[in-house]
Amino acid sequence: LCAAVPLKDMKLLDVKLGQLPTWLAMRDFTPGGIVGALRRGYDRYYNKYINVKKGGLGGISMVLAGYVVVSYIWSYSHL
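As recorded by an unreviewed UniProt entry, the chain carries the name ATP synthase F(0) complex subunit f, mitochondrial and is attributed to Spheniscus mendiculus. Within the UniProt record for the chain, the comment given under Sequence similarities (unreviewed entry) is "Belongs to the ATPase F chain family."

**Q** Whenever I open this one, the overall build of the chain confuses me. Can you help?
**A** The helix and strand tally for the chain stands at 3 helices and 0 strands. Its helices and strands taken in sequence order, the chain reads α-α-α from the N to the C terminus. Computed over C-alpha atoms, the radius of gyration of the chain comes to 18 Å, more than 25% over the 12 Å expected from 2.2 N^0.38 for 79 residues, which places it beyond the range of a compact globule. With the C-alpha coordinates of the chain rotated into their principal frame, the extents come out at 45 × 40 × 25 Å. A burial count over the chain gives 8% of its 79 residues as buried.

**Q** Looking at this structure, how should I read the packing of aromatic side chains?
**A** We describe a pair of aromatic rings using the distance from one ring centre to the other and the angle between the two ring planes. In this structure the tally under the stated criterion is 2 aromatic pairs. Judged by centre distance (4.8 Å) and plane angle (50 degrees), the ring pair of Y72 and Y76 falls under tilted.

**Q** Help me understand the packing of helix α2 (residues 31-50) against helix α3 (residues 58-75), please; the structure alone is not making it clear to me.
**A** The description of two packed helices rests on the angle between their axes and on the distance between the axes. Where α2 meets α3, the closest approach of the two axes is 8 Å, and the angle between their N-to-C directions is 125 degrees. Looking at the two axes, α2 sits oblique to α3. Across the interface between the two elements, Y45, Y49 and I50 from α2 touch G59, I60, M62 and V63 from α3. Of the residues that constitute the contact of α2 with α3, the class distribution is 6 nonpolar, 1 polar and no charged.

**Q** I would appreciate a short explanation of a nonpolar patch on the surface in the present structure.
**A** A contiguous nonpolar patch, built from Y42, Y46, Y49, I50, I60 and M62 and spanning about 570 Å² of accessible area, is present on the exposed surface. Among the elements that line the nonpolar patch, the one with the most residues is α2, at 4 residues. When you line up the elements, I50 lands in helix α2. Under the relative-accessibility criterion, I50 is labelled partly exposed at 34%.

**Q** Any chance you could explain the environment of L13 here in plain terms?
**A** Relative to the helices and strands, L13 resides in the segment before α1 (20-25). Residues L13 and I34, spaced 21 residues apart in sequence, show a C-alpha to C-alpha distance of 19 Å.

Calculation criteria
Residues numbered from 1 in each chain as written. Predicted model: local features only at pLDDT ≥ 70, side-chain atom pairs only at ≥ 80, totals over all residues. Heavy atoms only, no water. UniProt positions renumbered as here; feature names shortened; annotations may be inferred. Helix = DSSP H or I, 4+ residues; strand = E, 2+ residues; numbered from the N terminus. Rg over C-alpha atoms; globule rule 2.2 N^0.38 Å. Buried < 20%, exposed > 50% of the residue type's maximum accessible area, 1.4 Å probe, protein only. Phe/Tyr/Trp six-rings, centres within 6.5 Å; stacked < 30°, edge-to-face > 60°. Axes fitted to C-alpha atoms, helices over the stretch in contact; angles between N-to-C directions. Parallel < 35°, antiparallel > 145°, perpendicular 65-115°, else oblique. Contact = heavy atoms within 4.5 Å. Nonpolar A, V, L, I, M, F, W, Y, C, P; charged D, E, K, R; others polar. Patch = residues over 30% accessible without salt bridge, like charges linked within 9 Å, V, L, I, M, F, W, Y side chains within 5 Å. Areas by Shrake-Rupley, 256 points an atom, 1.4 Å probe, with all protein chains shown as cover. Salt bridge = Lys/Arg side-chain N within 4 Å of Asp/Glu carboxyl O.

Dropping the structure here:
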């Protein structure tokens, strides 16, 4: 059997709806915590799509598509 993972260490997708307020209360919303979360997200993205042995266009095309969407939204402010 697997050992139970503490609620603080669970990923968002593993948290049940009733546990969500408690899980959110355990998050670190200080500037350092937010920067750390952004850094971890960037590192996960980089290691999954960019820093691979057999490269592809997946990661770079996702960044390019995101840039196109954001620039389109900025150009048309009524959206």
